[in-house]
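# Results of the structural survey
One-letter residues, chain by chain:
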Amino acid sequence: MDDAIVVEGLVKTFRTPLRRRKVEAVRSVSFRVGRGEIFGFLGPNGAGKTTTIKVLVGLVRPTAGRVTVLGGAPDDMGVKRRLGFLPEQPYFYDYLKPTELLDVFGALFGMSRAERRRVIPDLLDRVGLGAAKDRAIRKFSKGMQQRVGIAQALLNDPDLVILDEPMSGLDPIGRREVIDLIASLKARGKTVFFSSHILADVERLADRVVILDRGVMKASGTLPELLGQGTDEREVVLRAAPGSPDPASLPGVSRVEALSPGLVRAICPAGRSDPVLAAALAAGFAVVSVAERRMTLEELVVSHAAGAGPGGIGAGGTAGGAS
């Protein structure tokens, strides 16, 4: 089979505890995740991402629709043995050491003692915890605990890894290491499905994405498909010389974005780039590049959740707290 995940017409409704009001957390969502893909699952808080993920791993049952994972039902034990999962807020027995905790999880997976002793040290090294393997988890920072969660998600060498906010709590170095780890999983033929609010990381990793808002799928496709349309603006990257004026004062520049000391990106309407270039050169700037401006993933997600139409954030809050 070519698809690791198939979701067709997924609907999930809940009843609120007191008033028993019906809330649709996910509404008619459909998508497919191919084997060997890195798939990004995006949307604001309350979009229905975590609810959908709980359906995929068999923690909650769908109200309607069809969901298959690795060719079977999400609650099938044969499927679960081939699945690795990191929830958004993992909980651990924090009096244990990482080696002890992973040993418990490995035993639950049916791994032999010899296999656990072989796999666990290497896995802790891969997630950057080799030097802390003998410290109690209660002494770990949030980022270190997140690394423990990633390690347990990879312990059974799964075919499909589902990660709910895997970069949460990580510093830039930790994020870089997790990005490299996810990329290495793809290189080994694994399928990775992950949600994240750090959209720059999604742009680096994802082959395809789905964007949800208030339980409704707003967009899906590859990043080139979704971001490939240019805007009506140009980006002019300029390098300042000593005594150069404020680039925002150049005629035709609508806004300026600092890139690094002495390097700026001047944004201008598409039809005004030539006057901007002439004014920049006359003012002593060096022109580094000129390009058509492309939409960023952040701009795309915000555009689908800005309340411009039904289901936007501005249309009345989140769908019953679903995330």
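Residues numbered from 1 in each chain as written. Predicted model: local features only at pLDDT ≥ 70, side-chain atom pairs only at ≥ 80, totals over all residues. Heavy atoms only, no water.

Another point: helix α6 (residues 172-187). Between the first and last C-alpha of α6 there are 23 Å, a value that for 16 residues agrees with the 22 Å anticipated at 1.5 Å per step. Among the residues of α6, those classed as buried are Gly 174, Val 178, Ile 179, Leu 181, Ile 182 and Leu 185. When α6 is viewed along its axis, its buried side chains cluster within an angular range of 160 degrees and face the same direction. Exposed side chains of α6 directed beyond 90 degrees from the buried face belong to Pro 172, Ile 173 and Ala 187. Phi turns positive, to about 90 degrees, at Gly 189, one or two residues after α6. (Helix = DSSP H or I, 4+ residues; strand = E, 2+ residues; numbered from the N terminus. Expected span 1.5 Å × (residues − 1). Buried < 20%, exposed > 50% of the residue type's maximum accessible area, 1.4 Å probe, protein only. Arc of directions from axis to C-beta.)

Pairing within the open sheet is antiparallel, and its three strands lie in the order β2-β1-β4. Looking at strand neighbours, the two that pair on one side only are β2 (22-34) and β4 (64-69), the edges of this open sheet. Taken pair by pair, the neighbouring strands of this sheet meet at an average axis angle of 20 degrees, ignoring direction. Along the sheet, helix α1 (residues 49-56) contacts β1 (3-15), β2 and β4; its crossing angle with β1, the most-contacted strand, is approximately 120 degrees. (Pairing = 2+ DSSP bridges. Axes fitted to C-alpha atoms, helices over the stretch in contact; angles between N-to-C directions. Contact = heavy atoms within 4.5 Å.)

It is worth spelling out the pairing of strand β7 (residues 191-195) at this point. When you tally the buried positions in β7, you get five out of five residues, the bulk of the element. Neither face of β7 is exposed, since Thr 191, Phe 193 and Ser 195 on one face and Val 192 and Phe 194 on the opposite face are all buried. Inspection of the sheet shows strand β3 (residues 38-42) paired to β7 by four bridges, in the parallel sense. Bridge assignment links Phe 39 to a residue of β7, and that residue is Phe 193. Sheet topology places strand β6 (residues 160-164) next to β7; five bridges connect them, and they run parallel. Bridge pairing in β7 links Leu 160 to Thr 191. Handedness of the β6-α6-β7 crossover: right-handed. (Right-handed = clockwise from strand over helix to strand, strands pointing away.)

Turning next to the packing of helix α3 (residues 98-108) against helix α4 (residues 113-126). Between α3 and α4, the least distance of the axes is 10 Å, while the angle of their chain directions is 130 degrees. Judged by the angle between their axes, α3 and α4 are oblique. α3 and α4 meet at a crossing whose hand is right-handed. Here Pro 98, Thr 99, Leu 102, Asp 103, Gly 106 and Ala 107 of α3 come into contact with α4, specifically with Arg 116, Ile 120 and Leu 124. (Parallel < 35°, antiparallel > 145°, perpendicular 65-115°, else oblique. Left-handed = near helix turned anticlockwise from the far one by under 90°.)

Take the packing of aromatic side chains next. One pass over the full model with this rule turns up seven aromatic pairs. Ring geometry for Phe 31 and Phe 39: centres 5.6 Å apart, planes at 20 degrees, overall stacked. Exposure remark for Phe 39: the relative accessible area of 1% places this residue in the buried category. With a centroid separation of 6.4 Å and 80 degrees between ring planes, the pair formed by Tyr 91 and Tyr 93 is classed as edge-to-face. (Phe/Tyr/Trp six-rings, centres within 6.5 Å; stacked < 30°, edge-to-face > 60°.)

Right, let's talk about the packing of helix α5 (residues 142-154) against α6 for a bit. The N-to-C vectors of α5 and α6 enclose an angle of 10 degrees; their axes lie 12 Å apart at closest approach. When the interaxial angle is binned, α5 and α6 end up roughly parallel. Residue-level inspection shows Arg 147, Ile 150 and Leu 154 of α5 in contact with α6, the latter providing Gly 174, Glu 177, Val 178, Leu 181 and Leu 185. Grouping the constituent residues of the contact of α5 with α6 by class yields five nonpolar, one polar and two charged. (Nonpolar A, V, L, I, M, F, W, Y, C, P; charged D, E, K, R; others polar.)

Next up on the list: the side chain of Arg 147. Along the chain, the position of Arg 147 falls in helix α5. Beyond its immediate sequence surroundings of up to four residues, Arg 147 is in contact with Val 127, Gly 128, Leu 129, Leu 170, Gly 174 and Glu 177.

Overall, mixed pairing links the six strands, which are arranged β5-β6-β7-β3-β8-β9 in an open sheet. The open sheet terminates on both sides in strands that have one partner only, identified here as β5 (83-86) and β9 (216-222). In this sheet, adjacent strand axes meet at a mean angle of 15 degrees when their direction is disregarded. Here β5 runs beside β6; their pairing, made up of four bridges, is parallel. In the sheet register, Leu 83 faces β6, and the bridge partner there is Leu 160.

With 49 residues, the main nonpolar core has Leu 42, Leu 155, Leu 163, Ile 182, Val 202 and Leu 297 as its most contacted residues. In contact with Leu 163, not counting residues within four places along its chain, are Leu 86, Ala 153, Ile 182, Val 192, Phe 193, Phe 194 and Ser 195. Listed in part, the 26 residues of the second largest apolar core include Val 7, Val 29, Val 69 and Phe 193. (Core = buried A, V, L, I, M, F, W, Y, C linked by side-chain atoms within 4.5 Å.)

Moving on, we come to unusual backbone geometry. Residues other than glycine seldom take positive phi values, yet Leu 70 does so here, at roughly 55 degrees. Among the secondary structure elements, Leu 70 is positioned in the loop between β4 and α2 (77-80). Overall, the relative accessible area of 6% leaves Leu 70 in the buried class. In this structure, Arg 214 is a non-glycine residue whose phi angle is positive, near 50 degrees. Relative to the elements of secondary structure, Arg 214 occurs in the loop between β8 (208-213) and β9.

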